[in-house]
Amino acid sequence: MAKTVQEVDQVVIRFAGDSGDGMQVTGDRFTNATAVLGNDLATLPDFPAEIRAPAGTLFGVSGFQLHFADHDILTPGDAPNVLVAMNPAALKTNISDLLPGGTLIVNSDAFDDRSLAKAEYANNPLTDGSLAGYEVYEVPLNKLTLGALEGITGLTQKDMLRSKNMFALGLLSWMFSRPTDGSEGWIRDKFGKSPEVAEANLRAFRAGIAFGETTEVFTHSFVIKPAQLDPGTYRNITGNQAITLGLVAASVRSGLQLVLAGYPITPASDVLHELARHKQFGIKTMQCEDEIASAAAALGASFAGSLGVTVTSGPGLDLKSETIGLAVSVELPLVVLDIQRAGPSTGMPTKTEQGDLLHAMFGRHGEAPVAILAASSPADCFDIVLEAARLALKYRTPVIVLSDAFLATGSEPWKLPDVESLPDLTTAFEFATGPNHEGEFWPFLRDEETLARPWAIPGTPGLEHRIGGIEKHDGTGDISYDPENHHRMTLLRAQKIAGISKDIPRLEVDDPSGSAETLVLAWGSTFGPVRAACKRLRNNNVNVAHAHLRHMNPFPSNLGEVLHGYKRVIVPENNMGQLLKLVRAEFLVDAQGINKVAGAPFKAAELTQALEAHMEIPR
Amino acid sequence: MTSNGNGQVIQLTKKDFESDQQVRWCPGCGDYAILATVQSFMPELGIPRENIVFISGIGCAARFPYYMETYGMHGIHGRAPAIASGLAVARPDLNVWVVSGDGDALSIGGNHLIHAMRRNVNMTILMFNNQIYGLTKGQYSPTSELGKVTKSTPFGSADYPFNPISLALGAEASFVARTIDNDRAHFTEILRKAVAHKGTKFIEVYQNCNIFNDGAFDAVRDPRSGRENRIYLEDKKPIRFGKDESKGVIMDSDAQLKIVDVEEVGEARLLVHDENAVIPGRAFALSRLSHSPTGPVPLGIFRSVERPVYEDLVEQQIAQAKERGGPGDLAKLLRQGETWEVS
Ligand code: SF4
């Protein structure tokens, strides 16, 4: 039977299965094949915190959503139009998201009585008619995989069944006309250590393709043309990968040794893992005994003249507070990366939230201002880390970078920058080399413009000096309990951070109409959903402006002006209104919040609706 | 010696290591003697002043770096070993010291202390043990004796104390020693041996806090009566002490160490100290000879063994990576993995 090929402009696929089914790997691989094809894309992995939750259970379901298109897209998609469900639990937890009429591919072999019971299904959904509203493809993945692997020796049946995700990958690759060479190469690499396992996965993958091509189950496949992106070389990148590359770039572009100290914590550990591999760049990574030590070690490295970096998530930020306070007091560079996750306390380690902004802002005793930055997309994590390094080095201050679980594990195509075009960080700082005050060295004599103190590193003759957390005398840096001096030093530290606003870009407003009366002000990972929601509103002839903050402290110098230029200001956040509080307090605007703390990013549709409600637009 | 900035090397004296800061310990505090000993020893180190860094946490002892004309950081409570670890990893060329007290090192900073020793980061840790919290005005510390009556324990402490030497040995420290604040000759000798050792040097210093815990170490510290109780450990020599070296230490059949009359048991039975013994069992047994400094107490080097140094291994991995793949190439790194062109 000749099969037809249908052209579509975008698809949202969700792979869902048991934690042990390899859904993240499958999704990742499909994403890379999609990226190489030139589609624009955004991904949203969603997995439980448990490493191997009990098989077949509802809470053990792991999912990976990918939105790809022939045009510029902003989010991983609100709802899938293709759902791959590897077992009843995956079907049960995901089916309500599948768009009406959407394509559902299920592993029919997994729908035995026991699995159905585990998923709390009273009746088999494949036979009870409840799936009538979808285009259902029942594929006996277990049988087909075992059949394809017949004759491979040295593998048990259980081992063989592990390859069924590659069968699914093959099938989907055929269905959406993905290139297969890359995936084959990848399988060989990944399982290179064990030839039988590599062979099994390769055979399963090919069998999946052949199954789509030859059986009569599927009558058509799809193509999605490449998107019109800026010319250049691209790769697909997650936020955590971008952070890692940003750190390497910061070391290269500053000429400084980078020392990153961390402690394993979800979803930040990948930064430590990835960076530990780049020893060729002279980068040193330390896995410390705890979060406290890793902040302290990073500060020790900065004192020594390296770029000290520590990476963590919210629970770790709690513990690093005291070191950040010390860094404020001793005025040394320190980059603190906080990959936010749902809190409080352990919260939901693998789920996203923007709950740490006020912690970053105020989470220290005393008056302890720091610079704060927030990345707005996975690829932006690269640029934001370079900016963090620039500010830390130039102003000798801790800089907290806020990313989150959504950015950390989500991915998008990234146009590779020219190394030469990256900021030159060597101009951001210089080490002190000699006396700065009447033949003496005063460690707290500030640069008049930046208010930064000199960075005199051990090994520099004649500049021996002591720093510490006790209040210092303005200039000499000697211990001082003088009340007026403390007041002055407190002001100086605050002015130094506030002064950064002169050194950062003004806030740009996206308002194609130029006449919007409502401003949507947002920050961090909500960029995609907010931009997408604003587009939808504009498509319905509603004028709306969007401004997105990357510098959270200090704010861009024109933020007040921008806010006062609109009748209505709406602040959507994945928290209970933290930026909202800051702008209301600082600029006395009657801004209103839209808040979602569900461990997941905003969907464009729900945000559009919420914005309409705020703007009192009748639906 | 140090370079004077013009590339000339000049001989330094104790004075060169005294900062211009007024020393603010209580008059009569044992810290003064420690500071004088360390400052006097520094010229002998033969390391330029600018390459020496003192790191501390919080407490009376932690003020130490302010008084040393070297680089220094007065950090946060308990975190000095962690700050110093980052410093040493970043700059293995520096000579790193940590100055801490019993509360700072063993209570709030216990975790950092044991892990620094386990990793064998190259630094000298001076732990001033005064068995009390001084700076916060006299609460019991993790080395205070059971039953100690303090402000926070009006009915006596119910906390069993740490034995710092046992703890350091248990934490795999490669160099473990004990000395006394007012015994300058012994203290200096320990410092000399410590700086010659590569790795973490843990030195417990009995320090008198004459304000909140005066006389805690009198049994060994008193210049006259205390001498009797000082068991000076000398490498590869039988362990003897007391008046005319009449007493000694033997290992009993049950592997317990015992203090004996040398004449009674004969010199041949005395335990011969071996600070380089690979198995730390004997050093540990020696540390248990006295849990608190109320009777005969071993002083000197309990253990000194070679073990890979953390930051050296870090450097080695970098050198190997560069040797294998050449120096890092950022443009190449960015292009790693699957890329595609859009024209
Ligand atoms: S309180 Fe005790 S330890 Fe502290 S300075 Fe005074 S005497 Fe010394």
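Residues numbered from 1 in each chain as written. Chains lettered and ligands numbered in written order. Predicted model: local features only at pLDDT ≥ 70, side-chain atom pairs only at ≥ 80, totals over all residues. Heavy atoms only, no water.

S.K.: Mind showing me how you'd approach the overall build of chain A here?
M.R.: Each helix and strand in chain A was counted, giving 20 helices and 23 strands. Radius of gyration (C-alpha) of chain A: 27 Å, near the 25 Å computed for a compact globule of 619 residues. Considered along the principal axes of its C-alpha atoms, chain A spans approximately 90 × 60 × 45 Å. By residue count, 62% of the 619 residues in chain A fall in the buried class. Contacts spanning at least 24 positions in sequence make up 76% of the contacts within chain A whose residues lie at least 6 apart. (Helix = DSSP H or I, 4+ residues; strand = E, 2+ residues; numbered from the N terminus. Rg over C-alpha atoms; globule rule 2.2 N^0.38 Å. Buried < 20%, exposed > 50% of the residue type's maximum accessible area, 1.4 Å probe, protein only. Contact = heavy atoms within 4.5 Å.)

S.K.: Honestly, the domain arrangement of chain A in this entry has me stumped. Any pointers?
M.R.: You'll often see interface size given as the accessible area lost when the parts meet. All names here are of chain A. When the domains of chain A are assigned, the result is domain 1 (4-223), domain 2 (235-424), domain 3 (430-503) and domain 4 (509-614). Centre-to-centre, using C-alpha coordinates, domain 3 lies 39 Å away from domain 4. In this assembly, 4 residues from domain 3 lie in contact with 4 residues from domain 4. Summed over both sides, the interface between domain 3 and domain 4 buries roughly 280 Å², with carbon and sulfur atoms accounting for 72% of that surface. Seen at the junction of domain 3 and domain 4, the total is 0 salt bridges. Our count for the domain 3 to domain 4 interface comes out at 0 residue pairs in polar contact (both at pLDDT 80 or more). (Domains from an automatic or database assignment. Buried area = accessible area lost by both parts, 1.4 Å probe. Salt bridge = Lys/Arg side-chain N within 4 Å of Asp/Glu carboxyl O. Polar contact = N/O pair within 3.5 Å; in protein donor to acceptor, adjacent residues only side chain to side chain.)

S.K.: How should the packing of aromatic side chains be read in this particular structure?
M.R.: Aromatic ring pairs are reported here in terms of the distance separating the ring centres and the angle at which the planes meet. Per the counting criterion, the structure on display carries 22 aromatic pairs over all chains. Aromatic pair Phe54 of chain B and Trp97 of chain B: ring centres 5.3 Å apart, planes at 15 degrees, arrangement stacked. Placement of Phe54 of chain B in strand S3 (residues 52-56) and of Trp97 of chain B in strand S5 (residues 95-101) is noted, with a sequence separation of 43 residues between them. A single burial state applies to Phe54 of chain B and to Trp97 of chain B, both of which are buried. Here a set of aromatic residues connected by ring pairs shows up, and it is made of Trp25, Tyr32, Phe54, Phe64, Tyr67, Trp97 and Phe128 of chain B. The ring centre of Tyr121 of chain A lies 4.9 Å from the NZ or CZ of Lys92 of chain A, which sits over that ring. Sitting over the ring of Tyr310 of chain B, Arg119 of chain B keeps its end group 5.8 Å from the ring centre. (Phe/Tyr/Trp six-rings, centres within 6.5 Å; stacked < 30°, edge-to-face > 60°. Lys NZ or Arg CZ within 6 Å of the ring centre and 35° of its normal.)

S.K.: Any chance you could explain the confidence of the model for chain B here in plain terms?
M.R.: Interpretation of this model should avoid reading the predicted coordinates in detail wherever pLDDT is low. Residues of chain B with pLDDT of at least 70 account for 97%, and the chain-wide mean is 95. Listed scores for the predicted complex are pTM 0.95 and ipTM 0.97. (pLDDT = per-residue confidence, 0-100.)

S.K.: I keep staring at the packing of helix H11 (residues 291-303) of chain A against helix H12 (residues 314-330) of chain A and nothing clicks. Help me out?
M.R.: Between two packed helices, the angle of one axis relative to the other and the distance separating the axes together describe the packing. Residues and elements named next belong to chain A. Contact geometry of H11 with H12 gives a least axis separation of 8 Å together with a crossing angle of 30 degrees. When the axis of H11 is compared with that of H12, the two are roughly parallel. Regarding H11 and H12, the two cross each other, and that crossing is right-handed. On H12, the residues touching Glu291, Ile292, Ser294, Ala295, Ala296 and Leu299 of H11 are Gly316, Leu319, Lys320, Glu322, Thr323, Leu326 and Ala327. Its residues assigned to classes, the contact of H11 with H12 comprises 7 nonpolar, 3 polar and 3 charged. (Axes fitted to C-alpha atoms, helices over the stretch in contact; angles between N-to-C directions. Parallel < 35°, antiparallel > 145°, perpendicular 65-115°, else oblique. Left-handed = near helix turned anticlockwise from the far one by under 90°. Nonpolar A, V, L, I, M, F, W, Y, C, P; charged D, E, K, R; others polar.)

S.K.: Where do I start with helix H2 (residues 80-90) of chain B in this structure?
M.R.: Each full turn of the α-helix corresponds to 3.6 residues, which orients residues three or four apart in the same direction. Along H2 of chain B, 11 of the 11 residues are buried, which leaves the element largely enclosed by surrounding structure. Among the residues of H2 of chain B, those classed as buried are Ala80, Pro81, Ala82, Ile83, Ala84, Ser85, Gly86, Leu87, Ala88, Val89 and Ala90 of chain B.

S.K.: Help me understand the pattern of salt bridges in this model?
M.R.: Side chains bearing opposite charge may pair, as long as their charged atoms lie close to each other. Inspection of the entire model under this criterion finds 46 salt bridges over all chains. The partner of Arg29 of chain A in a salt bridge is Glu338 of chain B, and the shortest N-O contact between them spans 2.7 Å. Here Arg29 of chain A, found in helix H1 (residues 23-36), pairs with Glu338 of chain B, found in the loop between helix H11 (330-334) and strand S16 (339-342), and the two come from separate chains. With relative accessibility at 2%, the residue Arg29 of chain A sits in the buried group.

S.K.: Got a minute to help me understand helix H17 (residues 527-539) of chain A in this structure?
M.R.: Residues and elements named next belong to chain A. Taking 1.5 Å of rise per residue, the 13 residues of H17 would be expected to cover 18 Å, and the 18 Å separating its terminal C-alpha atoms lies within 8% of that figure. Three or more residues of H17 are buried, namely Gly528, Pro529, Val530, Arg531, Ala532, Ala533, Cys534, Leu537 and Arg538. Close packing links the buried residues of H17 with strand S18 (509-510), strand S19 (518-523), strand S20 (545-549), strand S22 (568-573) and helix H20 (604-614). Asn541 sits one or two residues past H17 and shows a positive phi near 60 degrees. (Expected span 1.5 Å × (residues − 1).)

S.K.: Please clarify how the site of the ligand should be interpreted in this entry.
M.R.: Taken together, the neighbourhood of the ligand is formed by Trp25, Cys26, Cys29, Cys60, Asn130, Gly134, Gln207, Cys209, Asn210, Ile211 and Phe212 of chain B. Residue classes in the shell around the ligand are distributed as 7 nonpolar, 4 polar and no charged. (Near = heavy atom within 4 Å.)

S.K.: What am I meant to see in the domain arrangement of chain B here?
M.R.: Residues and elements named next belong to chain B. Annotation of chain B at the domain level lists domain 1 (2-231 + 277-325) and domain 2 (238-272). Relative placement of domain 1 and domain 2: their C-alpha centres are 29 Å apart. Contacts between the two partners involve 8 residues from domain 1 and, on the opposite side, 10 residues from domain 2. Buried area between domain 1 and domain 2, both sides added, is near 850 Å², and the carbon and sulfur share of it is 76%. Of all residues in domain 1, Glu228, Ile231 and Arg282 give up the largest surface area on contact with domain 2, accounting jointly for 53% of the area buried on that side. Where domain 1 packs against domain 2, one counts 0 salt bridges.

S.K.: Before we go on, may I ask you to explain the side chain of Asn94 of chain A in this structure?
M.R.: Residue and element names in this part refer to chain A. Of note, Asn94 is situated in helix H2 (residues 88-94). Residue classification places Asn94 among the buried residues on the basis of a relative accessible area of 8%. A polar contact is formed between the side chain of Asn94 and the backbone oxygen of Ala90, at a distance of 2.9 Å. Once you skip the residues sitting within four places of it in the chain, Asn94 turns out to touch Arg14, Ala16, Val61 and Leu83.

S.K.: Whenever I open this one, the sheet that holds strand S2 (residues 10-18) of chain A confuses me. Can you help?
M.R.: Strand pairing within a sheet occurs via backbone hydrogen bonds; the two strands may be parallel or antiparallel. Residue and element names in this part refer to chain A. The sheet built from 6 strands is open, its strands ordered S3-S4-S2-S5-S6-S7 with mixed pairing. Strand pairing shows two members of the sheet lacking a second neighbour, strand S3 (40-46) and strand S7 (135-139), which therefore form its edges. Taken pair by pair, the neighbouring strands of this sheet meet at an average axis angle of 15 degrees, ignoring direction. Alignment of S2 against strand S4 (residues 61-69), held across 9 bridges, turns out to be antiparallel. Across the sheet, residue Ile13 finds its bridge partner in S4, namely Leu66. Contacts from H1 reach S2, S3 and S4, with the element oriented near 10 degrees to S4. Contacts from helix H6 (residues 164-175) reach S2, strand S5 (82-85), strand S6 (103-107) and S7 within the one sheet, and its direction differs from that of S6 by about 155 degrees. (Pairing = 2+ DSSP bridges.)

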